[in-house]
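Structural description and commentary
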Amino acid sequence: MKKLLFIALPLLLNVAAVASGTIEGEIEKQPLNVSAIIMFLLFVSGTLGITYWAAKRTKTAKDFYTAGGGITGFQNGMAIAGDYMSAASFLGISGLVYLAGYDGLIYSIGFLVGWPVILFLISERLRNLGKYTFADVAAYRLKQAPIRTLAAFGSIATVILYLIAQMVGAGKLIQLLFGLPYELAVVLVGTLMILYVTFGGMLATTWVQIIKAILLLSGATFMALAVLYQFDFSLEAMFAKAVEVHGKGEAIMSPGGLVSDPISAISLGVALMFGTAGLPHILMRFFTVSDAKEARKSVFYATGFIGYFYILTFIIGFGAIIMVLNNPEYLDLAKQAISGGSPILGGKNMAAIHLSHAVGGNFFLGFISAVAFATILAVVSGLTLAGASAISHDLYANVFEKGACDEAKEMRVSKIATIALGIIAIFLGIAFEKQNIAFVVGLAFAIAASANFPVLFLSMFWSKLTTRGAVIGGSLGLGTAILLVILGPIVWVQIFGYETAIFPYKYPALFSVTVAFIGIWFFSVTDKSDAAAKEIEAFEAQDIRSQTGIGAEGASSH
Amino acid sequence: MTKEQIEHVRNNPKYQKLVRERSKFAWTLSIIMLIVYYTFIMTIAFKPALLGAKIGSGVMTIGIPVGIAIIFIAFILAGIYVRRANGEFDQLTKEVREELGDIA
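Residues numbered from 1 in each chain as written. Chains lettered and ligands numbered in written order. Predicted model: local features only at pLDDT ≥ 70, side-chain atom pairs only at ≥ 80, totals over all residues.

Right, let's talk about the overall build of chain A for a bit. Looking only at helices and strands, chain A has 23 helices and zero strands in total. In terms of C-alpha radius of gyration, chain A reaches 23 Å, essentially the compact-globule figure of 24 Å for 558 residues. Taken over the C-alpha atoms alone, chain A extends approximately 70 × 60 × 45 Å along its principal axes. Split into buried and exposed, the 558 residues of chain A put 65% on the buried side. In chain A, the share of contacts with a sequence separation of at least 24, taken over all contacts with a separation of at least 6, comes to 84%. (Helix = DSSP H or I, 4+ residues; strand = E, 2+ residues; numbered from the N terminus. Rg over C-alpha atoms; globule rule 2.2 N^0.38 Å. Buried ≥ 20, exposed ≤ 12 C-beta atoms within 10 Å, placed from the backbone. Contact = placed C-beta atoms within 7 Å.)

Set out below in structure tokens:
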């Protein structure tokens with residue numbers, strides 16, 4: 001077992017770098033890339049135009065949080081894909097394939113398989129019960145104040161951690177691609193996201209995500225086709241060439257140790273699957289469609305787009321092995337002089353970017369760079385909107401004002417929250433520039449899986465859930481996730497510099513999710529109060545609504 | 001909803017059929033997905049050589065089509081569910097709501 005861990009850990013650390021999409025090493029500022037800047041300006045002016053259009057249609061709180069509930073299933077599927085396919089997965093997974101071949105595919109599959117399960121068990125119940133945030137569902141028959149406070153805390157923690165990863169990634173990427181200073185890049189991303197969300201709300205955010213998804217999918221399709229074209233569309237010929245040039249030879253065609261001990265394997269699976277089902281910005285997207293039918297369609301389309309995208313990144317990774325590896329144009333000569341081998345400029349996560357230059361020259365490099373930037377903008381906008389909703393709808397309107405607050409005031413609070421979150425994200429983005437941020441996305445997924453998901457899931461499926469059980473169990477899950485990440489290999493060893501980690505696994509989800517479920521169960525079944533009896537009784541009515549949509553929020557007419 | 005109304009809904013045979021069949025279908029598909037995924041992950045953890053075995057004389061291994069197939073299975077299962085839910089189950093839901101009249 002110990003030996004297994006010894007093999008598994010270094011590889012798992014790689015995964016952390018993938019998940020956060022970090023770009024390695026000291027980044028030298030590049031010369032200004034003109035075609036990238038022009039294309040990026042086109043994207044920004046286009047999306048700002050959309051924001052102006054959306055702002056005129058965003059009048060009520062329902063418009064702001066859910067685009068009036070009038071997004072179609074297809075559009076929402078595209079937007080979910082746009083929300084989920086971050087720059088980290090585009091650059092990170094193709095980089096992992098470039099480095100290790102087959103292992104990249106294992107990671108992609110883990111990210112995808114949660115989606116059908118969300119469709120079967122969660123999406124339509126969520127749509128039938130909720131209004132603006134997933135806390136609406138969790139607090140449906142439980143006490144509003146404690147449940148919403150817990151849910152808002154889980155949401156805000158997830159959102160801020162995710163934002164840090166995106167901001168740092170954005171700053172480094174832009175510095176490398178566009179030749180702009182790091183701080184300026186972070187401020188630019190923060191400002192644009194504040195503009196989109198404050199003025200355009202969910203409608204603008206949705207369209208930014210849809211456009212980004214289209215750009216990313218078409219760019220990636222072009223790259224994959226350009227690679228396959230060279231081999232007359234024969235996968236066998238492409239793989240044969242990659243095996244020939246890659247240092248690891250035929251090993252890139254089989255699993256190489258990304259998940260080599262069962263505990264880490266299961267824990268990673270739990271984190272990816274339950275974490276996805278507990279991400280507030282993803283859950284919020286189910287309220288933007290008119291009914292359960294459209295909610296189902298959205299997940300179906302999203303699964304298709306995301307699955308297709310992961311197949312493309314696999315081909316792109318192999319394309320990079322063939323066209324970028326050993327190509328002197330992309331070599332980091334300074335690094336090679338010190339450590340040998342054939343390191344590429346900016347580290348392995350830049351493999352897809354270099355490939356875009358190799359297949360389409362400077363113009364296409366500019367396009368893919370602009371797409372990578374657009375990708376980050378779309379993801380941070382969705383995150384900020386989810387965080388702002390947790391603050392204004394859950395904390396302010398329902399906890400602080402106890403549900404007796406008028407809509408105009410609630411919207412004003414959500415806009416202030418958006419601006420505040422944007423400023424916090426800018427500051428944290430700058431503060432974390434030189435920090436090791438590999439753990440933050442893992443932590444965000446762990447919190448989503450251990451605090452948000454168990455409470456939400458049991459509130460819909462288990463009649464005996466009580467407020468006490470949800471609050472204590474959810475908090476235990478949250479605390480365990482944070483504690484185990486701190487005691488785990490990345491923070492304890494890499495950041496604090498201790499010899500060995502107290503908790504040996506990088507993914508705490510298996511343990512923290514179990515703690516949450518047991519805690520919720522135990523503190524619910526031992527809760528004999530009158531309030532608990534009423535909450536259990538109220539399950540029937542809630543279940544009827546979740547099954548049939550009777551009484552569910554409809555779409556507003558636009 | 002009052003207690004009587006809840007009882008009324010719960011005693012409706014079509015409502016019972018909807019809940020029973022949809023739950024069974026949703027859980028069956030979820031379990032299929034989980035079995036497919038964890039079989040794959042466990043193979044990687046315990047018997048990676050199985051996926052590294054070659055097909056034919058070239059470099060292609062079994063792992064590549066298997067991995068791609070899992071992506072397709074996820075998409076196909078989603079399609080199967082949406083097809084039945086948006087057709088049969090939604091029709092049944094509509095009938096339940098009509099029968100319930102003013103409760104709905």
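Tallying secondary structure elements over chain B gives four helices and zero strands in all. Compactness check: chain B gives a C-alpha radius of gyration of 22 Å against a globular reference of 13 Å for 104 residues, more than 25% above the reference. Taken along the three principal axes of its C-alpha coordinates, chain B extends 70 × 25 × 15 Å. Here chain B holds 104 residues, and 29% of them are scored as buried.

Turning our attention to the packing of helix 7 (residues 114-129) of chain A against helix 2 (residues 13-46) of chain B. Closest axis-to-axis distance for the helix 7 of chain A/helix 2 of chain B pair is 9 Å, and the angle between their directions is 165°. It follows that helix 7 of chain A is roughly antiparallel to helix 2 of chain B by the angle criterion. Viewed along their axes, helix 7 of chain A and helix 2 of chain B form a crossing whose handedness is left-handed. Here Pro116(A), Val117(A), Phe120(A) and Leu121(A) of helix 7 of chain A come into contact with helix 2 of chain B, specifically with Ala26(B), Leu29(B), Ser30(B) and Met33(B). Class assignment for the residues of the contact of helix 7 of chain A with helix 2 of chain B results in seven nonpolar, one polar and no charged. (Axes fitted to C-alpha atoms, helices over the stretch in contact; angles between N-to-C directions. Parallel < 35°, antiparallel > 145°, perpendicular 65-115°, else oblique. Left-handed = near helix turned anticlockwise from the far one by under 90°. Nonpolar A, V, L, I, M, F, W, Y, C, P; charged D, E, K, R; others polar.)

Each side of the interface is counted separately: chain A has 43 residues, and chain B has 43 residues. Those elements that provide at least two residues to the side of chain A that touches chain B are helix 6 (103-112), helix 7, helix 11 (235-245), helix 12 (262-276), helix 14 (292-323) and helix 23 (539-548) of chain A. Among the elements that line the side of chain A that touches chain B, the one with the most residues is helix 14 of chain A, at 10 residues. Of the residues that constitute the side of chain A that touches chain B, the class distribution is 27 nonpolar, nine polar and seven charged.

Turning our attention to the confidence of the model for chain B. All names here are of chain B. In this model, chain B carries a mean pLDDT of 90, and residues with pLDDT of at least 70 account for 97%. Mean pLDDT across the elements of chain B ranges from a minimum in helix 1 (residues 3-11), with 86, to a maximum in helix 4 (residues 63-100), with 94. Across the whole predicted complex the pTM is 0.89, and at the interface the ipTM reaches 0.94. (pLDDT = per-residue confidence, 0-100.)

Time to look at helix 4 of chain B. All names here are of chain B. For helix 4, which comprises 38 residues, the first-to-last C-alpha distance of 52 Å matches the rise-based estimate of 56 Å (1.5 Å per residue) to within 8%. For helix 4, the principal kink sits at Ala 85 and spans about 35°. Following helix 4 by one or two positions, Gly 101 has its phi on the positive side, about 60°. (Expected span 1.5 Å × (residues − 1). Bend = angle between axes of the 7 residues up to and from the residue.)

Another aspect to go through is the packing of helix 7 of chain A against helix 12 of chain A. Residue and element names in this part refer to chain A. Two numbers describe how helix 7 lies on helix 12: the axes approach to 9 Å, and their chain directions differ by 45°. Classified by the angle between their axes, helix 7 and helix 12 sit oblique to one another. When the axes of helix 7 and helix 12 are compared, the crossing they make is right-handed. Of helix 12, the residues touching helix 7 (which contributes Gly 114, Val 117 and Ile 118) are Leu 272, Met 273 and Thr 276. Split by residue class, the contact of helix 7 with helix 12 holds four nonpolar, two polar and no charged.

Here we take up the environment of Val371(A). Residue and element names in this part refer to chain A. Position of Val 371 relative to the elements: it lies in helix 16 (residues 351-400). According to the C-beta neighbour criterion, Val 371 is buried, with 24 such atoms within 10 Å. For the pair Val 371 and Met 39, spaced 332 residues apart in the sequence, the C-alpha separation amounts to 8.7 Å. Those residues in contact with Val 371, other than ones at most four positions away along the chain, are Leu 215, Leu 216 and Gly 219.

Moving on to unusual backbone geometry. Residues and elements named next belong to chain A. Positioned with a positive phi, Ala 67 is a non-glycine residue whose angle comes to about 55°. With 30 C-beta atoms counted inside 10 Å, the residue Ala 67 sits in the buried group. Unusually for a residue other than glycine, Phe 233 sits at a positive phi of about 60°. Summarising the element assignment, Phe 233 is placed in the loop between helix 10 (182-229) and helix 11.

All names here are of chain A. If you trace the backbone, Gly 49 turns up in helix 2 (residues 34-57). Take Gly 49: there are 11 C-beta atoms within 10 Å of it, and that puts it in the exposed class. With 352 residues separating them in the primary sequence, Gly 49 and Glu 401 have C-alpha atoms 35 Å apart.

Residue and element names in this part refer to chain A. The first and last C-alpha atoms of helix 10 sit only 37 Å apart over 48 residues, clearly below the 70 Å expected at 1.5 Å per residue. At Gly 200, helix 10 shows its maximal kink, close to 130°. Summarising burial for helix 10: 34 of the 48 residues are buried, a large majority.

By the element assignment, Gly69(A) lies in the loop between helix 3 (61-66) and helix 4 (73-84). Separated by 276 residues in the primary sequence, Gly69(A) and Leu345(A) have C-alpha atoms spaced 45 Å apart.

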